[in-house]
Amino acid sequence: MSSTSPAQTQPIYDVILLGSGICGLSAAEYLSRHSIPTLLIEQFPFFHSQGSSHGDSRIFRLAYPEGFYVDLTKASSIEWENLEKRASLPSGSLLQRSGCLQFGGVTSPQWQSVKKVVKDCGVPHEILTPEEANKRFQQFRFPAKDSLEGEEIEIVFEPSSGTLMLIRSFRL
């Protein structure tokens, strides 16, 4: 979407997006719905395998060491659900919530940050010991200690995380 003034022959864009992967296309769709003149530039054909957003799906999680990403992910969750409604798709067609398990060394600063951020940002989660996780999620085997550092580990389970079905969403 673009606009031109009477004295101009070239369109004027408020936003120029480089790359038409999931982030570029999502941003372009959002801007278009808000009538913001946008140009999307991509060097390859759509659905190519040259970038970071190729493949059928992407993980969707809320446990990050930075609260900024949690806020963005929560906002995008609403947008994915709205897209399903606008496309008249059943709930869970694009964002399939199956939960996510992440683990880290108990004393790792990065891990401590993840746990603090999910708690502070109100992300539904459970902290599990390896024994609890092994009993509950029998398809996995979590060791009691990290094999490289020898540090005890713990697991965060996020029930609201899951998988984004990218190819399905690209084709809407």
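Refer to the structure above for everything that follows.
So, here is what we can say about the structure in this document. (Residues numbered from 1 in each chain as written. Predicted model: local features only at pLDDT ≥ 70, side-chain atom pairs only at ≥ 80, totals over all residues. Heavy atoms only, no water.)

The next thing to look at is the environment of Val123. Mapping Val123 onto the fold places it in the loop between α3 (109-120) and β6 (126-128). The contacts of Val123, once residues within four sequence positions are left out, are Leu62, Val70, Lys74, Val118 and Glu158. (Helix = DSSP H or I, 4+ residues; strand = E, 2+ residues; numbered from the N terminus. Contact = heavy atoms within 4.5 Å.)

Before going further, it helps to spend a moment on unusual backbone geometry. Within the chain, Ser35 stands out as a residue other than glycine whose phi angle is a positive 55°. Relative to the helices and strands, Ser35 resides in the loop between α1 (22-33) and β2 (38-41). Residues other than glycine seldom take positive phi values, yet Ser88 does so here, at roughly 55°. Structurally, Ser88 can be placed in the loop between α2 (67-86) and β4 (95-97). Classification of Ser88 by relative accessible area gives exposed; the value is 66%. (Buried < 20%, exposed > 50% of the residue type's maximum accessible area, 1.4 Å probe, protein only.)

The next subject is the nonpolar core. In globular proteins that are soluble, nonpolar side chains generally tend to be buried together. Membership of the largest hydrophobic core is limited to nine residues, which are Ile22, Phe60, Trp80, Leu83, Leu94, Leu95, Leu164, Leu166 and Phe170. Those elements giving two or more residues to this core turn out to be α2 and α5 (166-170). (Core = buried A, V, L, I, M, F, W, Y, C linked by side-chain atoms within 4.5 Å.)

Attention now moves to the sheet that holds strand β5 (residues 100-105). Sheet strands pair via backbone hydrogen bonds, and the direction of the pair is either parallel or antiparallel. Within the open sheet, the three strands sit side by side as β5-β7-β6. Their pairing is antiparallel. Edge positions in the open sheet fall to β5 and β6, since each of these has one partner strand only. Across this sheet, the average inter-strand angle for adjacent strands is 25°, counted without regard to direction. Inspection of the sheet shows β5 paired to strand β7 (residues 153-158) by six bridges, in the antiparallel sense. Within β7, the residue paired with Gly105 across the bridge is Ile153. Across the face of the sheet, α3 comes into contact with β5, β6 and β7 while running at roughly 30° to β7. (Pairing = 2+ DSSP bridges. Axes fitted to C-alpha atoms, helices over the stretch in contact; angles between N-to-C directions.)

Once that is clear, we can look at the sheet that holds β4. With antiparallel pairing, the three strands of this open sheet are ordered in space as β3-β8-β4. The open sheet has two edge strands with one neighbour each: β3 (57-60) and β4. Sheet twist, expressed as the mean angle between neighbouring strand axes with direction ignored, is 25°. Relative to strand β8 (residues 162-165), β4 runs antiparallel, the two being bridged by three bridges. Bridge pairing links Gln96 to Thr163 in β8. In the packing of α2 onto the sheet, contacts are made with β3, β4 and β8, and the angle to β4 comes to roughly 115°.

For the rest of this paragraph, the subject is the layout of surface pockets. By volume, the largest pocket is sized at about 980 Å³. Taken together, 29 residues line the largest pocket, and the ones lying closest to its centre are Ile22, Cys23, Ser26, Ser76 and Trp80. Within the residue set of the lining of the largest pocket, elements represented by two or more residues are α1, β3, α2 and α5. Considering only residue class, the lining of the largest pocket consists of 18 nonpolar, five polar and six charged. (1 Å grid on protein atoms, 1.4 Å probe; cavity = no way out; pocket = protein on both sides within 12 Å on 5 of 7 lines; lining within 4 Å. Points joined across faces, edges and corners; volume = space filled by probe spheres on them. Nonpolar A, V, L, I, M, F, W, Y, C, P; charged D, E, K, R; others polar.)

Read these as geometric descriptors, not functional statements.
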